[in-house]
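# Structural characterization, general
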Amino acid sequence: MTVTPETGRWDSLAAARTRGDVGDGIASVLALLGLPDLISFAGGFPDPATFPRERVATLLQEFVAAGEMSAFQYAPTRGLAGPLDVFADRLESLQGRRPAEDELLITSGAIEALELVGKSFLDPGDLVVVEGPTYLGAIQAFRSFEAELVAVPLDEHGLDVDELERRLAGGLRPKLVYSIPDHQNPAGVSLAAERRAPLVELARQYRFLIIEDVAYRELGFAADALPSLWSLAPDVVVQAGTTSKTFCPGVRLGWAVGPADISARLVSAKQTTDQCAGALGQRLFEESARRGWIDEQVALSRALYERKCERLLAALERFMPEGAHWTRPQGGFFSWLTLPDGVDSAELARRAVERGVGIVPGTLFFPDGRGTDTVRLSFSLVDEALIDDGIERLASLL
Ligand SMILES: Cc1ncc(COP(=O)(O)O)c(C=O)c1O
């Protein structure tokens, strides 16, 4: 007998932590991408035009010709020395602080960094504060450790730090506060400079750990970036980063950097997830970074995504009815659309698919069912030439 979710045959054997409201979350979002001819604003995938296929082919040939072994072998759990050096170089040049050797580890993507943090810090019932809305993968990762999630709202300047402070003063005691300060997924907003220092001060005062996710940090449309939370407060921040948006997600690679004792715990947790991030990907990224290829790719990607974003914003301006409003991203992949009064985003998403348009209802990005009048629009993967048509079709349903 084939065991499908419908049969539920193994439900009684499943671990309690899988029975929470984990659902199929990201999987259902990605499934929308599979439909033929869909103009999809759904998934947050990078545009394949940015992938360095030929350069990767060149590097693979070089590795073979040079008799390179490390790329094909197991790596130390913390990462290979060369790639660790490159990640440290990039943190130093892009964020102004070079991590000590025992503060940094290479992960299999940012999602694994979140998983390692959860595995190391969360017991059932522990409290995690997230932004409302936040990255769906983080909701799933923290929930899988049976943590309780509390969403603190954000506005066009990022997390409402004053509101967080009020809740802390009122007795809220999180172990972790998870934030995406730059070009947030899904809201497309960034944490204002003047909110960053107060946020890390709260972490010191109330003794929680900040998990800073910098997935889109390098994809600002302007070259300058605000100070990362980790660079402001390496004593209370663990930063999770990824090469998925700056190199390619086919290489599952990222980093976690934080206080040495925490980093040691993450390394220990990693020994039983995948033991080490794939050495081949580590070496491909290392060589690409050393040759300046990553910087070149990031510059091209920024320009591409800025163009697509402008096109999306212009289409929204042109076609959306009164009562709808949306964020104006300065980088990243997403704009956050608030629908006119009374429109339900789940219902809209269903009708949009019938009209050949993919969107993600905002409720998926809240741990508490809020967001029924919001939609995430991703401009990263959609064909530029179809953006106007897609938004016109969506607007016609409102
Ligand atoms: C905010 C955020 N964090 C992490 C990730 C996952 O990154 P990775 O591919 O490195 O696991 C994503 C991907 O969509 C993301 O949007």
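What you are looking at is a predicted structure, and each value in this text was computed from that prediction instead of being measured.

The helix and strand inventory of the chain stands at 13 helices and 14 strands. Computed over the C-alpha atoms, the radius of gyration of the chain is 21 Å, within 12% of the 21 Å expected from 2.2 N^0.38 for a compact globule of 398 residues. For the chain, the proportion of its 398 residues judged to be buried stands at 55%. When contacts within the chain are restricted to residue pairs at least 6 apart in sequence, long-range pairs at least 24 apart make up 74% of them. About 17,100 Å² of surface is accessible on the chain, with carbon and sulfur atoms providing 52% of the total. Each charge class in the chain can be summarised by its mean position, and for the 39 positive and 57 negative side chains these summaries are 2 Å apart.

Within a beta sheet, neighbouring strands are joined by backbone hydrogen bonds and run either parallel or antiparallel to one another. The mixed open sheet is built from eight strands, whose spatial order is β2-β9-β8-β7-β6-β3-β4-β5. With one partner strand each, in any of the chains shown, β2 (104-107) and β5 (158-159) form the two edges of the open sheet. With respect to the sheet, helix α6 (residues 161-169) is in contact with β3 (127-132), β4 (148-155), β5 and β6 (176-179), its orientation differing from that of β4 by roughly 145 degrees.

Now for the packing of aromatic side chains. Within the structure shown, the criterion is met by 11 aromatic pairs. Plain terms: the ring middles of Tyr216 and Phe333 are 5.1 Å apart, the flat faces sit at 65 degrees to each other, and that makes the pair edge-to-face. Separated by 117 residues along the polypeptide, Tyr216 in the loop between β7 (209-213) and α8 (229-232) and Phe333 in the loop between β10 (325-326) and β11 (334-338) bring together distant segments of the chain. Neither residue differs from the other here; Tyr216 and Phe333 are each classed as buried. Aromatic side chains Trp336 and Phe365 sit 6.0 Å apart centroid to centroid with 75 degrees between the ring planes, which places their arrangement in the edge-to-face category. Here Phe365 lies in the loop between β13 (360-361) and β14 (374-378) and Trp336 lies in strand β11, a separation of 29 residues in the sequence. Comparing Trp336 with Phe365 shows no difference in burial state: the two are buried. By the ring-pair criterion, three or more aromatic residues cluster together here, those being Phe87, Phe247, Trp255 and Phe285.

Each value, and the rule that gives it
- Residues numbered from 1 in each chain as written.
- Predicted model: local features only at pLDDT ≥ 70, side-chain atom pairs only at ≥ 80, totals over all residues.
- Heavy atoms only, no water.
- Helix = DSSP H or I, 4+ residues; strand = E, 2+ residues; numbered from the N terminus.
- Rg over C-alpha atoms; globule rule 2.2 N^0.38 Å.
- Buried < 20%, exposed > 50% of the residue type's maximum accessible area, 1.4 Å probe, protein only.
- Contact = heavy atoms within 4.5 Å.
- Areas by Shrake-Rupley, 256 points an atom, 1.4 Å probe, with all protein chains shown as cover.
- Lys, Arg positive; Asp, Glu negative; His and termini not counted.
- Charge placed at Lys NZ, Arg CZ, Asp CG, Glu CD.
- Pairing = 2+ DSSP bridges.
- Axes fitted to C-alpha atoms, helices over the stretch in contact; angles between N-to-C directions.
- Phe/Tyr/Trp six-rings, centres within 6.5 Å; stacked < 30°, edge-to-face > 60°.

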